[in-house]
Structure formats: structure tokens, C-alpha cells
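Observations on the model geometry
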Amino acid sequence: MVAAIAAGTLPHETFRGYFEQNVRYLEDYARAIALTTAKAPDAAALDVLSRFLRQIVATEIPANLAFLERLGGSASRLPGLGELHPVTYGYTRHLLQVCEAGSCAEGLAAVLPCQWSYGEVAQPLMAALPADPVYADWIRMFGNAGYDALVAETTGLLDRLADPANTGPWSRLSAVFSISIRYEREFWDMAYAAA
């Protein structure tokens, strides 16, 4: 799917389906970040996490709704809870459960694979943007220096909170991170297969 976005060949209806699921995902993603923010151990962590949350609520959700409209969709026709794809539902339940029950570090381990991977996907694509403005604009949203700087701050916060010498919590963080990575891959696969 990412290769087709880069080439500008992904059918618009496939990308529209992705946004229909992704808007709902991002709403719960924001809730998960808010739960993690509530557990921030200090003012510096609160600052980073509140800006991370603001990125989702003030930038990404509105942008996803705008992309959806550009592709012929509508915010009034978003799937309800019972219409979510099982991957979307499973991923969001994982995020909400970990962020509610776990520590600030565990919450970060759950939410970072999404944030981090989008920058990693978009950055190499900035060198040759597709002609289709929808795909070019989507790549620009994640392939810029401001986005990279926020990712560096959030990953740096996890590095500060996580102690590799403390093997019990470190093992838990690794497991949570790995589950989120698996869901990231499944989300892309789900969106592409739904076409």
C-alpha cells in the first residue's frame, strides 16, 4: 500500500477506506495518549505528551477528515463501533487497555510505533512526491522536520523512562511495543486488502 501511495497509483477508494477506519482509530489513539499523559512523571514529560496529543487532535484528525472528503467520503458516514474492522477494533482496544492500566512508559511503548513509523514511511518518499496531490499532501504531513522533531522528543522520553537494566519492566515494554508494531502492519494490510 505504501509503495502504491508513493507511486500515486493506489485507487482513491482504497485510500478512502483507510481514512474511514483511520479517523476512528485516531480518536481512540488520542484517548490513549491522554491516558498516558495523565501518568507523566514530571513537567517535561507533560510538555512532550501534551504536544503529541495536540498533533493528533488539532492536526491529524482534521487532516484525515479533509482527505476523506477529498476522496468522496464524509464524516457523517464513518463506521460506528460495530462496523470497525476487527484490526481497527483490536488495535484500539490494545492501546486503550495498556495506556489505562500501565505506566507512562508502557503507554508510550504502545503508542510510539504508530507515530514513529509514519515518519519512517514518509521521509524517504519526500524525495520524489507523486503527481496525485492527495498522496503528495499525505506524505508531506509526515515527512517534514517538525514531525521528525516531535517523534525524536517522544522516543527520547521513552528512552528516559525505560531502564534496560530493570529486566521485568523492560520485557513488558518490549512485548507492548511488539504488539503495536504487529497491529501497525495488520492495519496497512487490512486497508489494502479491503479494496
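Residues numbered from 1 in each chain as written. Predicted model: local features only at pLDDT ≥ 70, side-chain atom pairs only at ≥ 80, totals over all residues. Heavy atoms only, no water.

Let's shift gears to the overall build of the protein. When helices and strands are tallied, the protein shows eight helices and zero strands. Over its C-alpha atoms the protein spans a radius of gyration of 17 Å, differing by no more than 12% from the 16 Å that the globule rule assigns to 195 residues. Over its C-alpha atoms, taken along the principal directions, the protein stretches across nearly 45 × 40 × 25 Å. By the burial criterion, 47% of the 195 residues in the protein qualify as buried. Of all intrachain contacts in the protein linking residues separated by at least 6 positions in sequence, the fraction that spans at least 24 positions is 77%. Here the protein contributes 14 positively and 21 negatively charged side chains, and the mean placements of these two sets differ by 4 Å. (Helix = DSSP H or I, 4+ residues; strand = E, 2+ residues; numbered from the N terminus. Rg over C-alpha atoms; globule rule 2.2 N^0.38 Å. Buried < 20%, exposed > 50% of the residue type's maximum accessible area, 1.4 Å probe, protein only. Contact = heavy atoms within 4.5 Å. Lys, Arg positive; Asp, Glu negative; His and termini not counted. Charge placed at Lys NZ, Arg CZ, Asp CG, Glu CD.)

What follows concerns the side chain of Thr88. The topology assignment puts Thr88 in helix 4 (residues 86-101). Beyond its immediate chain neighbours, meaning those up to four positions away, Thr88 contacts Gln21, Tyr25, Phe187 and Met190.

Right, let's talk about the packing of aromatic side chains for a bit. In the structure shown here, the tally under the stated rule is 20 aromatic pairs. A centroid spacing of 6.0 Å and a plane angle of 75 degrees characterise the contact between Tyr29 and Phe52, whose relative ring orientation is edge-to-face. Placement of Tyr29 in helix 2 (residues 12-37) and of Phe52 in helix 3 (residues 43-70) is noted, with a sequence separation of 23 residues between them. Given a relative accessible area of 1%, Phe52 falls into the buried group. Summarising the aromatic geometry, the rings of Phe142 and Tyr147 are spaced 5.3 Å apart at their centres and angled 85 degrees between planes, so their arrangement reads as edge-to-face. Judged by its relative accessible area of 2%, Phe142 is buried. Among the residues examined, Tyr147 registers a relative accessible area of 5% and is labelled buried. (Phe/Tyr/Trp six-rings, centres within 6.5 Å; stacked < 30°, edge-to-face > 60°.)

Over its 27 residues, helix 8 (residues 167-193) extends 38 Å from the first C-alpha to the last, a length consistent with the 39 Å expected when each residue adds 1.5 Å. Those residues of helix 8 that fall on the buried side of the exposure criterion are Leu173, Val176, Ser180, Tyr183, Glu184, Phe187, Trp188, Met190 and Ala191. (Expected span 1.5 Å × (residues − 1).)

A few words now on the pattern of salt bridges. Scanning the entire structure with this criterion turns up 10 salt bridges. Of the charged contacts, one joins Arg31 and Asp28 as a salt bridge, the two residues approaching to 2.8 Å between their closest N and O atoms. Note that Arg31 and Asp28 are positioned in helix 2 at a spacing of three residues, about one turn of the helix. Look at Arg31 and you get partly exposed, because its relative accessible area is 47%. Owing to a relative accessible area of 11%, Asp28 belongs among the buried residues under this scheme. (Salt bridge = Lys/Arg side-chain N within 4 Å of Asp/Glu carboxyl O.)

Summarising the element assignment, Ala32 is placed in helix 2. For Ala32, a relative accessible area of 0% corresponds to the buried category. When near neighbours in sequence (up to four residues on either side) are disregarded, Ala32 contacts Leu95, Leu96, Cys99 and Val111.

Glancing now at the environment of Glu106. On the secondary structure map, Glu106 appears in helix 5 (residues 104-125). Measuring from C-alpha to C-alpha, the distance between Glu106 and Asp28 comes to 16 Å, with 78 residues separating the pair along the chain. Contact partners of Glu106, with chain neighbours within four places excluded, come to Val98, Arg172, Leu173 and Val176.

Another aspect to go through is the nonpolar core. With 61 residues, the main nonpolar core has Ile5, Phe15, Tyr18, Tyr29 and Trp138 as its most contacted residues. Looking at this core, the elements with two or more residues in it are helix 1 (2-7), helix 2, helix 3, helix 4, helix 5, helix 6 (133-142), helix 7 (145-161) and helix 8. With 11 residues, the top contributor of residues to this core is helix 5. Not counting residues within four places of it along the chain, the set of residues in contact with Tyr29 comprises Phe52, Ile56, Leu95, Val111, Cys114 and Gln115. (Core = buried A, V, L, I, M, F, W, Y, C linked by side-chain atoms within 4.5 Å.)

If you trace the backbone, Tyr147 turns up in helix 7. Separated by 95 residues in sequence, Tyr147 and Phe52 have C-alpha atoms that sit 9.8 Å apart. If we skip the residues at most four places from it in the chain, Tyr147 touches Gln55, Glu60, Gln115, Tyr118, Gly119, Met141 and Phe142. A polar contact is formed between the side chain of Tyr147 and the backbone oxygen of Gln115, at a distance of 2.8 Å. (Polar contact = N/O pair within 3.5 Å; in protein donor to acceptor, adjacent residues only side chain to side chain.)

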